[in-house]
Amino acid sequence: MAAVISLDGVRDKNVMQLKKLNTVLFPVHYNEKYYADAIASADFTKLAYFSDICVGSIACRLEKIGGAMSVYIMTLGVLAPYRGLGIGTTLLKHVLDLSEKKNNISKIYLHVQTNNEDAIAFYKKFGFEIVDTIYNYYANISPPDCYVLSKEVHAKK
C-alpha cells in the first residue's frame, strides 16, 4: 500500500508534536506566543503525517493590516528523510487554497534566511516574490539577514 500524506489541525492536545518538530527543524527557539498564534489560526496551522508518522508542519499567524487580513507563515518544515515526497507542497497548497476561499485575505508572506536557496526556490514555484531584505533580522544565526517573500491572494469565486 502506498504511503499517504494526511494533515491534522494543531490544538492544545497535540501542540507538543509541533514543539518537537520545531526543535529538530529550526535553529530558533519559539516562545509560547508563537504556539498560541499557531493554535489561534485554526485551519491555517497543520501537522503533516506520512503513513501516520508526524513528519512536518506549517504554522501561520493571521494579521489584520489596514482593512485586509494577511497570512504570515511563521514556519514550514519537513523532516529531512521525508523531503521531496510532496509533503511541503501539500502543506503550502493547503494554506494557499484556504486563503483563496476566504474573501478577506489579501496576501501571504514569510521571512526566509538569505542563504536558504532551497526554500526561496520552493516558494517561488508557487508565485511568491522577494519584496524586501531585512538586515540583522535573526539574533543568533548566521547569516542574520532575511528576505521577505510575499504573494497576493485572489479570492476564488
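Residues numbered from 1 in each chain as written. Predicted model: local features only at pLDDT ≥ 70, side-chain atom pairs only at ≥ 80, totals over all residues. Heavy atoms only, no water.

The protein has the name N-acetyltransferase domain-containing protein in an unreviewed UniProt entry, where Zingiber officinale is given as its organism.

Q: Help me understand the packing of aromatic side chains in this model?
A: Note on aromatic pairs: each is described by the distance of the centres and the angle between the planes. Here the structure, examined in full by the defined rule, presents nine aromatic pairs. Here the aromatic rings of Tyr72 and Tyr109 are separated by 4.9 Å at their centres, their planes lie at 40°, and the arrangement is tilted. One end of the pair, Tyr72, is in strand β4 (residues 68–78); the other, Tyr109, is in strand β5 (residues 105–113), with 37 residues separating them in the sequence. For Tyr72, a relative accessible area of 8% gives the class buried. We classify Tyr109 as buried; its relative accessible area is 12%. Each residue in the set Phe26, Tyr30, Tyr34 and Tyr35 is aromatic and connected to the rest through ring pairs, giving one cluster. Sitting over the face of the ring of Tyr109, Lys107 holds its NZ or CZ atom 4.8 Å from the ring centroid. (Phe/Tyr/Trp six-rings, centres within 6.5 Å; stacked < 30°, edge-to-face > 60°. Helix = DSSP H or I, 4+ residues; strand = E, 2+ residues; numbered from the N terminus. Buried < 20%, exposed > 50% of the residue type's maximum accessible area, 1.4 Å probe, protein only. Lys NZ or Arg CZ within 6 Å of the ring centre and 35° of its normal.)

Q: How do you make sense of the side chain of Lys46 when you look at a structure like this?
A: Along the chain, Lys46 turns up in strand β2 (residues 46–50). The residues touching Lys46, leaving out its near neighbours within four places in the chain, are Leu7, Asp8, Gly9, Val10, Gly56, Ser57, Ile58, Leu91 and His94. (Contact = heavy atoms within 4.5 Å.)

Q: Could you clarify how one ought to interpret the pairing of strand β7 (residues 146–152) in this entry?
A: Looking along a regular strand, one sees the side chains alternate between the two faces of the sheet. For β7, the tally of buried residues reaches five of seven residues, placing the bulk of the element in the interior. Bridging between β5 and β7 involves seven bridges; their strand directions are antiparallel. Residue pairing across strands places Gln113 opposite Cys146, the latter belonging to β7. Pairing analysis gives five bridges linking strand β6 (residues 129–134) to β7, with the strands arranged antiparallel. Bridging across to β7, Ile134 finds its partner in Cys146. (Pairing = 2+ DSSP bridges.)

Q: Honestly, the environment of Pro27 in this entry has me stumped. Any pointers?
A: Residue placement: Pro27 occurs in the loop between α1 (15–25) and α2 (32–40). We classify Pro27 as exposed; its relative accessible area is 60%. As a C-alpha pair, Pro27 and Asn140 span 113 residues in sequence and 8.5 Å in three-dimensional space.

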